[in-house]
Amino acid sequence: MTTPLLITGQERYADVRDRRLAAMLAEEDAAEELGLNPLERVSCRLHRRWLHHCVHSADHVIKVTGHRWCRDCSSTASVGVNELTGDVLVCCEKCHQIPRGAATQQIVRACRASLAAAQGFFADQTTVVALTS
Ligand SMILES: [Zn+2]
Ligand SMILES: [Zn+2]
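Figured I'd write up the structure that's included with this text. (Residues numbered from 1 in each chain as written. Chains lettered and ligands numbered in written order. Predicted model: local features only at pLDDT ≥ 70, side-chain atom pairs only at ≥ 80, totals over all residues. Heavy atoms only, no water.)

**Remarks on the overall build of the chain**
(1) Moving on: A tally of regular secondary structure across the chain gives 5 helices and 5 strands.
(2) Moving on: Secondary structure elements in the chain, listed N-terminal to C-terminal, are α-α-β-β-α-β-β-β-α-α.
(3) Moving on: Burial status across the chain gives 36% buried among its 133 residues.
(4) Moving on: Within the chain, contacts between residues separated by at least 24 positions form 37% of all contacts whose residues are at least 6 apart in sequence.
(5) Moving on: On the chain, roughly 8300 Å² of surface is accessible, and the fraction owed to carbon and sulfur atoms is 57%. (Helix = DSSP H or I, 4+ residues; strand = E, 2+ residues; numbered from the N terminus. Buried < 20%, exposed > 50% of the residue type's maximum accessible area, 1.4 Å probe, protein only. Contact = heavy atoms within 4.5 Å. Areas by Shrake-Rupley, 256 points an atom, 1.4 Å probe, with all protein chains shown as cover.)

In structure tokens:
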């Protein structure tokens, strides 16, 4: 018998064309039930996308925790993602500084992991070779 949990998750995301993303969404949904911090996710339950593809959405601004939020200016911060180099830069839209604190570090960490997962960094070695050569 296969795992019922996994089947349910994958059926929920049957319409997601990127199957690697669909598998990740299902996996992280299940992990969240077991205590995974939703802000550490690399796939977004709300937008059904890789985090680095939808982190630009206003839904990802969390003033209370300081995610994409500059407390000094009470302003939103943008996230720049360079898909080629893997660089992730959080920057206040007003003072153009990097908002201090753990929330910014968490965004950078999660977006980098999201980029790597989307590119199949962990599963497909040929992608990595193609990118670095
Ligand atoms: Zn999202
Ligand atoms: Zn600022």
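From this point, things continue past the structure.
**Things to note about the sheet that holds strand β3 (residues 69-70)**
(1) Moving on: Spatial strand order, β3-β4-β5: 3 strands in an open sheet with antiparallel pairing. Looking at which strands have only one partner, the edges of the open sheet turn out to be β3 and β5 (88-92).
(2) Moving on: Here β3 pairs with strand β4 (residues 75-81) via 2 bridges, running antiparallel. Residue W69 lies in a different strand from β4, and its bridge partner there is T76.
(3) Moving on: The sheet strands contacting helix α4 (residues 102-118) are β4 and β5, and the helix crosses β5 at an angle near 145°. (Pairing = 2+ DSSP bridges. Axes fitted to C-alpha atoms, helices over the stretch in contact; angles between N-to-C directions.)

**A few points about the coordination of the zinc ion (ligand 2)**
(1) Moving on: Each protein donor to the zinc ion (ligand 2) is listed here as C70 (SG), C73 (SG), C92 (SG) and C95 (SG); together their distances run 2.2 to 2.3 Å.
(2) Moving on: Of note is the zinc ion (ligand 2), whose 4 donor atoms meet at the metal with angles of 103 to 121° in an arrangement that counts as tetrahedral.
(3) Moving on: If you list the donors of the zinc ion (ligand 2) from N- to C-terminus, the spacing comes out as C-x2-C-x18-C-x2-C. Of this pair, C70 sits in strand β3 while C95 sits in the loop between β5 and α4, and the two are 25 residues apart along the sequence. (Donors = N, O, S within 2.8 Å, 3.2 Å for Na, K, Ca; no water. Tetrahedral: all angles 85-135°; square planar, octahedral: opposite > 155°, others 65-115°.)

**Examining the layout of surface pockets**
(1) Moving on: Empty space within the largest pocket amounts to approximately 320 Å³.
(2) Moving on: Those elements that provide at least two residues to the lining of the largest pocket are β1 (43-44) and α4.
(3) Moving on: Tallied by class, residues from the lining of the largest pocket come to 8 nonpolar, 4 polar and 4 charged. (1 Å grid on protein atoms, 1.4 Å probe; cavity = no way out; pocket = protein on both sides within 12 Å on 5 of 7 lines; lining within 4 Å. Points joined across faces, edges and corners; volume = space filled by probe spheres on them. Nonpolar A, V, L, I, M, F, W, Y, C, P; charged D, E, K, R; others polar.)

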